[in-house]
Amino acid sequence: MLLRRLAICISLMFIYSSSALYSQTNNDAASTITKNELMKTDRYLASKELGGRLPGSIGYTKAVNFISGELKRIDLKSANGKNYFQKLKVEYNEILAPEHFAVIQNDKRINHTIGKDYVYRGFTGAGKLTAPVVFCGYGLAQPDKGYDDYAGIDVKGKVVMVFKYNPKWNIDGKVFTNGNPREKAIVAAKHGAIGILFTSFPNDAEPQSPIGSVINGEGEQMINFSEIHIDLPVADELIDGSSYTLKNLQTIIDSTKKPLSVSLTNQVDLEVHTKYEKEKEVVNVVGILEGSDPVLKNEYLIIGAHLDHVGSQAGKIYFPGANDNASGSAALLQIARAFSKSNPRPKRSLAFVFFASEEQGLYGAKFFANNLPFPKEKVKAMINMDCIGYGDSIQVGGGKSAPELWNIAKEIDDKNDKLLVAATGNGGGADADPFFEKGIKTLYFVTTNSYKHLHMLSDKPETLNQNLFEAITKLAYRTAAAICNQ
Ligand SMILES: [Zn+2]
């Protein structure tokens with residue numbers, strides 16, 4: 001019986017899909033999605049006033065108030081019957097002035113510029129020190145895995161300099177742990193170090209510049225232990241005077257798979273202050289648009305984007321995050337506005353969710369997925385939008401796990417902008433992960449080649465590809481409309 005009904009449903013879907021996909025969205029509120037509206041929101045979210053939208057900061061609260069105000073204006077329902085906020089708690093760290101960072105070579109002092117030559121890790125502790133530096137390879141002390149960068153070298157009272165990431169190799173198939181910054185910092189501190197400098201891999205084809213990041217990993221916060229990502233030329237200034245460069249240190253370590261730690265003669269002179277809170281209340285912003293069909297309205301499409309970014313440092317720099325993810329948030333707001341104007345309304349209900357704390361580890365999305373305001377069985381699918389304003393074409397992830405949903409996007413794109421690339425993948429990815437892990441089908445909208453300015457000061461609204469931004473937002477809207485009316 002159930003099977004037969006399903007078969008009928010499927011055949012009906014095929015008959016009506018190509019013509020109906022269109023008529024369903026034909027009252028096309030998509031025309032209200034314009035690059036001007038998108039950019040207006042994006043510019044505000046990426047503005048200095050919002051300071052990089054670090055959850056727990058005043059800037060993030062302003063973003064939350066703006067979005068919730070707009071949801072109220074278009075009369076979305078709340079999920080909790082009170083307001084648009086879903087509260088959760090996260091670790092929070094503020095990086096404060098005064099701060100400076102300099103290299104001292106004998107009598108020569110080289111002052112460096114924050115945001116260019118170095119960036120603090122989001123969970124840096126405070127520090128005020130002048131100390132010699134020791135290069136400690138990958139910063140790993142795992143003798144049980146046959147490798148210890150700290151063996152036979154004294155780092156007491158010194159600052160260590162290590163590669164930010166773990167090696168791309170292992171020894172006898174034994175995988176290294178503690179690849180994240182906090183764990184490397186804790187290992188350094190246990191050996192007596194008083195601060196840590198991270199460098200990118202100099203031998204990468206395009207070495208990563210210092211970036212803003214609040215991903216830190218598990219463990220206690222060391223409130224008096226500074227963690228700084230320095231640029232490669234700064235690392236070489238510190239190494240200067242030894243018989244190495246950072247490049248050949250990496251080459252030797254990687255080719256021998258043996259530690260090569262070096263005490264350096266040069267020093268760092270630094271000062272930074274911080275204010276840390278183990279638990280700070282932050283919010284996801286959630287708005288519901290009820291479906292028009294008396295039965296199908298009990299089913300939901302979740303459409304989400306993370307509202308947060310990686311904040312500001314010492315009042316000197318802030319990370320605008322115009323692409324990451326002011327773009328997805330602006331698109332989500334505009335899609336909600338379009339749906340609120342659509343007539344007739346979609347048959348299924350929609351939950352618009354602006355996630356907190358993606359940058360710190362998907363905390364907002366995990367919390368929402370674990371505390372859904374409706375039964376999980378009633379969730380038709382989840383659409384995520386993250387970094388959709390920079391690049392040259394459109395990619396929709398999730399096509400391998402949910403080809404029937406991906407094909408809807410493909411069909412719509414074929415009739416419109418023809419910007420969708422064939423490459424797709426399994427479901428999940430960033431904020432889509434917690435939903436996919438619960439068995440919910442997901443689509444992940446992203447622009448291709450999206451990450452040139454990722455977590456850099458240069459991720460600004462003026463870099464965005466506005467036509468592409470509009471096209472991908474319309475595609476996401478129409479795909480969502482088709483899924484809701486299917
Ligand atoms: Zn990001």
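Quick caveat, the model's predicted, so the values are computed rather than measured.

1. Quick notes on the pairing of strand β7 (residues 159-163)
Phase 1: With 5 of 5 residues buried, β7 lies mostly within the body of the structure.
Phase 2: Burial of β7 is two-sided: the residues Val159, Met161 and Phe163 facing one way and the residues Val160 and Val162 facing the other way are all buried.
Phase 3: Here strand β4 (residues 127-135) pairs with β7 via 3 bridges, running parallel. The residue of β7 that forms the bridge with Phe135 is Met161.
Phase 4: One ladder, built from 5 bridges, connects β7 with strand β8 (residues 195-199); its direction is parallel. Within the sheet, the bridge partner assigned to Val159 lies in β8 and is Gly195.

2. Considering the packing of helix α7 (residues 322-341) against helix α12 (residues 466-485)
Phase 1: It is at 10 Å that the axes of α7 and α12 come closest, and there the two elements cross at 50°. With respect to α12, the element α7 is oriented oblique. In the packing of α7 onto α12, the handedness of the crossing is right-handed. Each of Ser327, Ala331, Gln334, Ile335 and Ala338 in α7 lies in contact with α12, whose residues at this interface are Phe469, Thr473, Ala476, Tyr477 and Ala480.
Phase 2: Within the contact of α7 with α12, the residues separate by chemical class into 7 nonpolar, 3 polar and no charged.

3. Looking at the environment of Ile228
Phase 1: Position of Ile228 relative to the elements: it lies in strand β9 (residues 226-230).
Phase 2: A residue is classified by how many C-beta atoms lie within 10 Å of it, and Ile228, with 25 of them, is buried.
Phase 3: Separated by 104 residues in sequence, Ile228 and Thr124 have C-alpha atoms that sit 7.2 Å apart.
Phase 4: The residues contacting Ile228, other than those within four sequence positions of it, are Phe101, Tyr118, Tyr120, Arg121, Thr124, Leu197 and Phe198.

4. Regarding the domain arrangement of the chain
Phase 1: Per the domain assignment, the segments making up the chain are domain 1 (26-77 + 290-485) and domain 2 (93-275).
Phase 2: Once you take the C-alpha centre of each, domain 1 and domain 2 turn out to be 36 Å apart.
Phase 3: Taken together, the contact pairs 15 residues of domain 1 with 15 residues of domain 2.
Phase 4: Counting residues per element, the side of domain 1 that touches domain 2 draws most heavily on helix α8 (residues 358-361), at 3 residues.

5. Some thoughts on the packing of helix α2 (residues 35-45) against α7
Phase 1: Remark: α2 packs on α7, axes separated minimally by 8 Å, with the N-to-C direction vectors making an angle of 130°. Considering their axes alone, α2 and α7 lie oblique with respect to each other. Every pair of crossing elements has a handedness; the one defined by α2 and α7 is right-handed. Listed contacts from α7 to Glu37, Leu38, Thr41, Asp42 and Leu45 of α2 are Ala322, Ala326, Ser327, Ser329, Ala330, Ala331, Leu333 and Gln334.

6. Observations regarding the environment of Pro346
Phase 1: For Pro346, the position within the fold is in the loop between α7 and β14 (349-355).
Phase 2: Along the chain, Pro346 and Gly139 lie 207 residues apart, while their C-alpha atoms are 54 Å from each other.
Phase 3: Excluding residues within four positions of it along the chain, Pro346 makes contact with Gly291, Ser292, Phe339, Ala481, Cys484 and Asn485.

About the criteria used
Throughout, residues of each chain are indexed from 1 in the direction in which the sequence is written. Reporting in this predicted model follows two pLDDT cut-offs: at least 70 for local features of residues, and 80 or more for side-chain atom pairs to be given and counted; totals over whole chains, interfaces and linings ignore these cut-offs and use all residues. Using C-beta atoms placed from the backbone, we call a residue buried if 20 or more other C-beta atoms fall within 10 Å of its own, exposed if 12 or fewer do, and partly exposed for counts in between. Comment: elements are numbered from the N terminus, with helices defined as DSSP H or I runs of at least four residues and strands as E runs of at least two. Any two strands with at least two DSSP bridges between them are considered paired. Lines fitted to C-alpha atoms define the axes, with helix axes restricted to the stretch in contact, and inter-axis angles between N-to-C directions lie between 0 and 180 degrees. For this classification, under 35 degrees means roughly parallel, over 145 means roughly antiparallel, 65 to 115 means roughly perpendicular, and everything else is oblique. Should the near helix be turned anticlockwise from the far one by less than a right angle, the crossing is left-handed, and should it be turned clockwise, the crossing is right-handed. Contact between two residues is assigned when their C-beta atoms, built from the backbone, lie within 7 Å. Under the scheme applied here, ten amino acids are nonpolar (Ala, Val, Leu, Ile, Met, Phe, Trp, Tyr, Cys and Pro), four are charged (Asp, Glu, Lys and Arg), and all others, including Gly, are polar. Boundaries between domains were set according to an automatic or database domain assignment.

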